[in-house]
Amino acid sequence: MSAASTSPWRRRPRKPFSVEARLAEHVDRLAEEHPPIPVDSADYTMVRPELLAERFGPVLTYMSRVELEVERNVLELNLLLPDPPPVDKHFYADVWLPQETHHGYLLDRLQQLAGLPQSEPDLTSLAFSYKVLGALGRWSAVQDVSRMLYYLTGVATEQSAILAYNKLYQGLLDLGEKAVAMTVVAPIRRQEPGHFAYYKIAAQGLWSEMAEWQKWIVRTLRRHTFEPVGAYTKKQWAQFGDVMHHLGITVSATDDELTRYAQQIGRFELEMLWAHRNGLKVPTYVLDSLHRAARLAAKHRPTPA
């Protein structure tokens, strides 16, 4: 045995940092570095509020509702996950909820000052399916499936929000609305990547521990239950399609922004859930959902005179 191997100063191999520890550290950092944005911290000065409302009114209305409905989302999670890991509950109840709620307050105040109606979020309706899955979730193997679907939904939702806020930010700057772009949208978009990272880390960790039958169920349920963020009814699907239209996420003869958008939203679960599908560029259900939303929006959009 060499002298080096018996030296008391030899560095011992570092134990791998557990997923739970990484998540706990991440949540603590989010709470410290990104407290809820005070509504009164924003400068709501607008150069042309009527034009802002015309160009981005549907975006503000939809996104403010979705952000404010996180209060109901937490109630849904409490049903869906009867015994979640403590770090999950700490994240969604103590950090994510207040951050997202304040995003909604900021956007709602902006849209009202631009002459649009106040947001009307649904904070109480709970789907029966959550109660059923919550009852089944008393078996840890079933709850793990529900957790995985929660993480996947979180990844897609946050990626969608990041892309939308980037486009809204640039669109407001193009309109000359620098104050609201810099003090309303910019602070919001700085907080979304931290949420995305949480779901991604959690999903990767849980997926590596799941049995093949659990993975099969996740793939099957994901394929049949995927929906655009905040779209629970046919009317809301059309509204989401209108959001994409106003943000320039469309299909034309020379450009297919919608497919690129779908690829960005679905990239993570494509790489994790569908890596065995050679040649697949985007989960089909993601692209189909966005096309459906776009068709519904176009159907209800007034024909130009």
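Residues numbered from 1 in each chain as written. Predicted model: local features only at pLDDT ≥ 70, side-chain atom pairs only at ≥ 80, totals over all residues. Heavy atoms only, no water.

Student: Outline the packing of helix α7 (residues 140–175) against helix α9 (residues 212–225), supporting the account with residue identities and numerical values.
Tutor: At their nearest, the axes of α7 and α9 sit 10 Å apart, and the two run at 45° to each other. Comparing the axis directions of α7 and α9 gives the class oblique. With respect to the hand of their crossing, α7 and α9 are arranged in right-handed fashion. Of α9, the residues touching α7 (which contributes A141, D144, V145, M148, L149, L152, T153 and A156) are W213, Q214, I217, V218, L221 and R222. Of the residues belonging to the contact of α7 with α9, the class tally is 10 nonpolar, two polar and two charged. (Axes fitted to C-alpha atoms, helices over the stretch in contact; angles between N-to-C directions. Helix = DSSP H or I, 4+ residues; strand = E, 2+ residues; numbered from the N terminus. Parallel < 35°, antiparallel > 145°, perpendicular 65-115°, else oblique. Left-handed = near helix turned anticlockwise from the far one by under 90°. Contact = heavy atoms within 4.5 Å. Nonpolar A, V, L, I, M, F, W, Y, C, P; charged D, E, K, R; others polar.)

Student: A description of α9 should follow, citing residues and the corresponding values.
Tutor: Across its 14 residues, α9 extends 20 Å between first and last C-alpha, which sits within 8% of the 20 Å expected from 1.5 Å per residue. Contacts made by the buried residues of α9 are with α7, α8 (178–207), α11 (257–273) and α12 (284–300). (Expected span 1.5 Å × (residues − 1).)

Student: Quick rundown of the environment of W96? Include the residues and the values.
Tutor: When you line up the elements, W96 lands in helix α5 (residues 86–113). Residues W96 and E33 lie 63 residues apart in sequence; the distance between their C-alpha atoms is 13 Å. Among all residues touching W96, those that are not within four sequence positions of it are V70, N73, V74, F91, E158, H195 and Y199. A polar contact of 3.5 Å, which involves the side chain of W96, links it to the side chain of E158. (Polar contact = N/O pair within 3.5 Å; in protein donor to acceptor, adjacent residues only side chain to side chain.)

Student: Lay out the nonpolar core with the relevant residues and their values.
Tutor: Considering soluble globular proteins, one finds that nonpolar side chains tend to be buried as a cluster. Among the nonpolar cores identified, the biggest contains 90 residues, and F91, M148, L168, V184 and V218 are the most heavily contacted of them. Setting aside residues no more than four positions away along its own chain, V218 makes contact with V145, M148, L149, L152, W207, M210 and L273. (Core = buried A, V, L, I, M, F, W, Y, C linked by side-chain atoms within 4.5 Å. Buried < 20%, exposed > 50% of the residue type's maximum accessible area, 1.4 Å probe, protein only.)

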